[in-house]
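Working through the structure, step by step
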2 protein chains.
Amino acid sequence: MQRSSTQPAANRYSEAKAEILTRFPDQVSDVPVTLGQHANTLSLVVSEPPSVVVWAQTVQDVQAVVEIATRHRIPVIAFGAGTSLEGHVNAPAGGICLDMSRMNTILRVNVDDMDCEVEAGVTRRQLAAHLRDTGLFFPVDPGAEDATLGGMAATRASGTTTVRYGSMRDNVLGLSAVMADGSAITTGSRARKSAAGYDLTRLLVGSEGTLGIITSLTLRLHPVPEATVAAIASFSSLKEACDASIAALTLGPALARVELLDGKAIEAVNTGSKLSLTALPTLFFELHGTAVATAECASQLGDLVREYAALNFEWAADDEVRRRLWIARHDAFWSIREAWPGRTAVVTDVCVPVSKLAECVAAANADSTVNNLIAPIVGHAGDGNFHAIVMVDPNDAGEMDRLAGFLDRLIGNALAVGGTCTGEHGIGQGKIAALEREAGASLAVMRQIKNALDPLSILNPGKVFRPF
Amino acid sequence: MQRSSTQPAANRYSEAKAEILTRFPDQVSDVPVTLGQHANTLSLVVSEPPSVVVWAQTVQDVQAVVEIATRHRIPVIAFGAGTSLEGHVNAPAGGICLDMSRMNTILRVNVDDMDCEVEAGVTRRQLAAHLRDTGLFFPVDPGAEDATLGGMAATRASGTTTVRYGSMRDNVLGLSAVMADGSAITTGSRARKSAAGYDLTRLLVGSEGTLGIITSLTLRLHPVPEATVAAIASFSSLKEACDASIAALTLGPALARVELLDGKAIEAVNTGSKLSLTALPTLFFELHGTAVATAECASQLGDLVREYAALNFEWAADDEVRRRLWIARHDAFWSIREAWPGRTAVVTDVCVPVSKLAECVAAANADSTVNNLIAPIVGHAGDGNFHAIVMVDPNDAGEMDRLAGFLDRLIGNALAVGGTCTGEHGIGQGKIAALEREAGASLAVMRQIKNALDPLSILNPGKVFRPF
């Protein structure tokens with residue numbers, strides 16, 4: 001099959017769309033509001049709706065859509081819940097949005113093996129409810145309850161529990177995907193490890209729909225801990241908070257969450273979640289384990305944070321208090337948005353070696369102050385991953401310029417200390433230039449793989465790489 | 001550059017060799033005994049020596065060798081310590097063996113970040129000695145102390161501690177490699193996680209030198225546990241032992257090793273390591289953590305193995321006893337070889353969902369009995385990964401036929417229950433057909449990647465895939 005550039009684009013799109021409408025009469029929409037809902041929403045990245053939305057119900061549907069797209073040379077953009085932040089689901093050149101949300105069957109839970117198999121459209125919330133009585137849970141927690149597991153895999157999501165349980169990279173044992181040539185493949189196995197050939201699972205996890213469309217996943221599950229204990233400590237400086245979080249990493253595997261909020265973020269959380277925390281750099285901890293192990297770790301943690309001059313250190317042994325604290329942490333993003341009404345949130349993330357966290361967070365803080373930007377910081381301190389949530393007025397050109405400089409320096413600082421331009425949000429459209437800076441010569445290898453597996457650039461073009 | 005098939009192979013090889021000898025006068029050998037030492041040794045796979053061996057000392061050396069090999073269209077086989085088991089370092093079509101053992105500088109240890117950077121030729125033993133006073137250790141333990149970390153990454157090695165600390169897949173944060181086009185790339189970063197583009201680190205880990213030549217690694221380190229406790233339990237059947245090991249997995253992160261030896265393996269270990277263990281299916285446990293956490297886990301483990309009808313359960317609280325036990329476990333392979341002098345060991349491995357371990361181990365056991373094969377079993381029960389060490393007489397054609405049937409059924413059984421044809425030994429030459437069976441349609445994707453990144457098939461040809 002050769003690339004046909006003679007046919008006008010408009011014809012190709014209208015013919016593909018007509019074919020889609022005929023083939024999937026009950027699974028399709030081209031109503032503008034629906035198209036708009038399938039473009040990027042949660043960030044400043046400008047929405048670029050697709051030409052048509054198809055709800056896949058089977059692997060064969062996915063294959064059929066890919067086949068039609070290939071024949072007409074138009075893009076296919078896989079869509080989960082649309083909660084990504086870097087424009088991953090935008091359709092810069094139009095094309096077919098393949099909504100996976102109806103492929104939402106939980107196919108199997110193997111309690112003895114602590115794994116499960118789910119279709120790509122199953123959400124975190126749905127899986128959590130399903131597992132409720134099994135004694136097992138799926139730990140990866142990027143914050144969005146309605147995120148689909150397929151979308152989380154495609155963007156290599158992580159979140160608050162990564163320090164203990166790892167990210168999607170670590171918790172996807174295998175997957176099924178439809179490739180650009182229409183083949184349906186299965187990678188990995190149900191074994192916990194394998195040395196059999198190339199690690200296609202890890203290649204597809206984080207590939208953002210540009211190499212294949214994930215249709216199902218085999219996920220690793222973990223035992224619900226016997227005890228869960230939360231603690232909170234505030235510090236007079238970001239440096240002390242970060243240093244305490246590094247030291248805490250040596251306390252061992254009871255440490256399941258180590259989250260950092262700066263003073264501005266705490267103020268917002270106090271208002272949004274009706275709390276009265278001291279508006280200073282604060283660490284939220286969560287410990288998982290047996291009652292004995294968590295109690296021991298809690299006591300060690302108390303000693304440790306006092307060594308790092310914590311101003312206070314409080315336990316939330318009570319389940320209700322613990323839940324409120326963590327809901328507050330989870331809702332920090334929303335609280336921050338509400339704290340500056342009329343402004344728009346630009347949420348960015350970088351990840352650095354933990355020893356460099358204090359310096360990078362402090363630099364971001366100083367930078368936002370100097371440049372008169374509102375930029376509370378919320379971080380997964382245990383992983384060296386932090387978010388600046390910059391509240392901007394998109395109509396203020398000067399402020400948008402200052403934002404651009406701030407983001408550029410944030411990434412530059414992270415790369416300078418051996419970090420990465422994104423710990424968990426991915427590249428999408430928003431960080432293509434940052435990836436070029438970071439990847440250097442390895443970008444060519446990524447391109448070679450993309451060209452080999454998707455020579456016509458049908459799958460989510462304009463993401464990860466600049467458009468051809 | 002186009003493939004030149006007009007020049008006779010003999011000329012291409014002799015010209016390349018002459019160029020290598022001129023370019024690296026002090027780093028090269030074509031003495032037959034040296035060539036032989038660089039071919040496969042530890043298995044039945046027939047040794048196929050390279051045409052010449054070059055000891056790389058710098059990344060530039062590696063690039064120069066790849067450039068010469070490319071120009072003359074001859075293979076380059078990266079060599080670490082030669083401890084792999086499936087013919088990974090053989091040179092079926094001759095070519096240049098690139099010995100990485102002189103690139104053995106430990107470049108940096110970052111205690112706060114719990115990571116280090118090493119050249120590919122650094123051995124496990126060397127790194128362990130270097131880390132002795134840091135409070136940190138590198139956990140991946142495939143058994144061979146002299147294995148190089150580059151070789152371990154290239155084969156996605158794992159071993160006894162995977163249940164707690166993961167394999168090379170999980171403990172390589174990033175790496176540098178020379179690709180077939182001569183480019184030197186760096187993948188990953190020092191950040192603990194990243195969502196920046198394709199996961200080239202995981203693609204190269206386990207690629208067995210067929211996609212690129214690993215020159216250095218950034219490795220994750222772990223805190224040396226405050227307490228290490230060993231325990232041993234024997235059972236009247238493999239099923240009870242396996243069931244106990246599955247149940248033990250819910251005990252949480254103190255569980256650092258769960259190893260299974262069958263009765264035959266115990267007999268050999270008793271002789272080889274001067275022990276007097278009961279010659280029955282036996283689990284070896286090791287617990288890592290604080291004194292409190294390991295003591296609690298030990299007590300729970302005692303209750304648990306008694307529930308699964310353990311015939312005895314003994315602690316090795318004493319460091320010396322613990323060390324002897326684990327040395328015995330590590331030396332099991334050598335003890336088994338010595339127990340049947342005059343025979344040759346064929347060591348194979350498969351990995352299955354843990355719930356299927358009992359059934360697969362029992363099937364292998366019954367199969368070897370029916371077919372009159374000596375095949376002790378040693379397994380990483382916590383991962384569902386087990387080895388049959390078949391002691392054969394290579395000159396007995398009938399026995400070799402029965403061996404072939406046994407291996408075929410072992411793999412068939414593993415695949416039938418959702419497992420993999422190799423948990424940790426890799427594909428090399430020995431399991432190419434097994435990978436074809438396991439990978440199905442995904443094999444074509446692996447091939448596409450190989451063709452894209454190494455279009456002339458210079459890098460370790462005849463491994464992972466059938467020769468072109």
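In case you missed it, the structure is sitting above this.
Residues numbered from 1 in each chain as written. Chains lettered and ligands numbered in written order. Predicted model: local features only at pLDDT ≥ 70, side-chain atom pairs only at ≥ 80, totals over all residues. Heavy atoms only, no water.

**Some remarks on the overall build of chain A**
A count of helical and extended segments in chain A gives 17 helices and 18 strands. Taking 468 residues into account, the globule formula puts the C-alpha radius of gyration at 23 Å, and chain A, at 23 Å, falls close to it. Taken over the C-alpha atoms alone, chain A extends approximately 70 × 60 × 40 Å along its principal axes. Residue burial in chain A is summarised as follows: out of 468 residues, 62% are buried. A separation threshold of at least 6 residues defines the contact pool for chain A, and within that pool the share at least 24 residues apart is 72%. Counting every atom, chain A has about 16,400 Å² of accessible surface; 52% of that belongs to carbon and sulfur. Averaged over its 39 positive side-chain charges, chain A has a centre that lies 4 Å from the centre of its 51 negative ones. (Helix = DSSP H or I, 4+ residues; strand = E, 2+ residues; numbered from the N terminus. Rg over C-alpha atoms; globule rule 2.2 N^0.38 Å. Buried < 20%, exposed > 50% of the residue type's maximum accessible area, 1.4 Å probe, protein only. Contact = heavy atoms within 4.5 Å. Areas by Shrake-Rupley, 256 points an atom, 1.4 Å probe, with all protein chains shown as cover. Lys, Arg positive; Asp, Glu negative; His and termini not counted. Charge placed at Lys NZ, Arg CZ, Asp CG, Glu CD.)

**Quick notes on the pattern of salt bridges**
Scanning the model with the defined rule gives 54 salt bridges over all chains in all. Linking R169 of chain A and D170 of chain A is a salt bridge whose minimum nitrogen-to-oxygen distance equals 3.3 Å. We note that R169 of chain A, like D170 of chain A, is buried. For R329 of chain B, the salt bridge is made with E259 of chain B, and the minimal N-O distance between the two is 2.6 Å. Separated by 70 residues along the polypeptide, R329 of chain B in helix α12 (residues 319-330) and E259 of chain B in strand β13 (residues 255-261) bring together distant segments of the chain. For the pair formed by R329 of chain B and E259 of chain B, the shared burial category is buried. Among the charged side chains, a network of salt bridges with common partners joins R124, D141, R257, E286, D319, R322 and R323 of chain A. (Salt bridge = Lys/Arg side-chain N within 4 Å of Asp/Glu carboxyl O.)

**Here we look at the interface of chain B and chain A**
Chain B puts 80 residues into the contact, and the matching count from chain A is 80 residues. Summed over the three residues of chain B that lose the most area to chain A, namely K193, A195 and Y198 of chain B, the buried surface amounts to 15% of that side. Taken together, the links from chain B to chain A amount to four salt bridges. Viewed at the interface, chain A and chain B are joined by 24 residue pairs in polar contact (both at pLDDT 80 or more). (Buried area = accessible area lost by both parts, 1.4 Å probe. Polar contact = N/O pair within 3.5 Å; in protein donor to acceptor, adjacent residues only side chain to side chain.)

**A few points about the side chain of R329 of chain A**
Residue classification places R329 of chain A among the buried residues on the basis of a relative accessible area of 8%. If we ignore the near neighbours within four places in the chain, the residues touching R329 of chain A are T160, E259, L261, F284, V378 and H380 of chain A.

**So, the relation of the copies chain B and chain A**
Note on the copies: chain B fits chain A at an RMSD of 0.0 Å, the axial shift is 0.0 Å, and the rotation between them is 180°. Each copy turns onto its partner about a two-fold axis. When the interface residues of chain B are mapped onto chain A, 100% of them again lie at the interface, so the same face is used by both copies. (Least-squares fit on C-alpha atoms with pLDDT ≥ 70 in both.)

**Examining the pairing of strand β16 (residues 344-351) of chain A**
Residues and elements named next belong to chain A. With seven of its eight residues buried, β16 lies for the most part within the structure. Taken together, the eight bridges between β16 and strand β18 (residues 385-392) define a ladder with antiparallel strand orientation. Opposite T348, over in β18, you have A388 as the bridge partner. (Pairing = 2+ DSSP bridges.)

**Some thoughts on the packing of aromatic side chains**
Residue and element names in this part refer to chain A. Scanning the entire structure with this criterion turns up 10 aromatic pairs over all chains. Relative to W326, the ring of F284 lies with its centre 5.9 Å away and its plane at 70°, an arrangement referred to as edge-to-face. A residue pair is termed long-range when its members are at least 10 positions apart, and F284 in strand β14 (residues 282-289) and W326 in helix α12 (residues 319-330) qualify at 42 residues. An identical accessibility class is assigned to F284 and W326; each is buried. (Phe/Tyr/Trp six-rings, centres within 6.5 Å; stacked < 30°, edge-to-face > 60°.)

**Remarks on the side chain of S167 of chain A**
Structurally, the position occupied by S167 of chain A is in the loop between α6 (162-165) and α7 (168-171). Residues contacting S167 of chain A, with those up to four places away along its chain left out, are V140, A157, S158 and T162 of chain A.

**Section: unusual backbone geometry**
Phi at A309 of chain A is positive, roughly 65°, even though this residue is not glycine. Turning to its location among the elements, A309 of chain A is positioned in the loop between α11 (291-307) and β15 (312-316). For A309 of chain A, a relative accessible area of 34% gives the class partly exposed. Residue N372 of chain B is not a glycine yet carries a positive backbone phi of 55°. Within the secondary structure, N372 of chain B sits in the loop between α14 (357-370) and β17 (377-380).

**Things to note about the packing of helix α9 (residues 238-248) of chain B against α14 of chain B**
All names here are of chain B. Where α9 contacts α14, the axes come no closer than 8 Å and their chain directions differ by 150°. Put simply, α9 runs roughly antiparallel to α14. In the crossing of α9 with α14, the sense of the turn from one axis to the other is right-handed. Listed contacts from α14 to L238, K239, C242 and S245 of α9 are L357, A358, V361, A362 and N365. Along the lines of polarity and charge, the residues of the contact of α9 with α14 split into six nonpolar, two polar and one charged. (Axes fitted to C-alpha atoms, helices over the stretch in contact; angles between N-to-C directions. Parallel < 35°, antiparallel > 145°, perpendicular 65-115°, else oblique. Left-handed = near helix turned anticlockwise from the far one by under 90°. Nonpolar A, V, L, I, M, F, W, Y, C, P; charged D, E, K, R; others polar.)

**Notes on helix α3 (residues 59-72) of chain A**
All names here are of chain A. Taking 1.5 Å as the rise per residue, α3 with 14 residues should run 20 Å; its terminal C-alpha atoms sit 20 Å apart, in good agreement. The complete set of buried residues in α3 reads D61, V62, A64, V65, V66, I68, A69, T70 and H72. Turning to α3, the residues buried within the fold contact α1 (9-23), β2 (52-55), β3 (76-79), β4 (96-99), β8 (172-179) and β10 (212-220). Following α3 by one or two positions, R73 adopts a phi angle in the positive range, close to 55°. (Expected span 1.5 Å × (residues − 1).)

**Points about the sheet that holds strand β10 (residues 212-220) of chain B**
Adjacent strands of a sheet form backbone hydrogen bonds with each other and so pair up, either parallel or antiparallel. All names here are of chain B. Taken in spatial order, the five strands of this open sheet run β5-β6-β10-β8-β9, and their pairing is antiparallel. Sheet topology places β5 (106-110) and β9 (184-188) at the edges, where each strand pairs with a single neighbour. Across the sheet, the mean angle separating the axes of adjacent strands is 15° when strand polarity is ignored. Inspection of the sheet shows strand β6 (residues 115-119) paired to β10 by five bridges, in the antiparallel sense. When the sheet's bridge partners are listed, C116 is paired in β10 with L219.

Bear in mind that shape data such as this cannot, by itself, settle questions of function.
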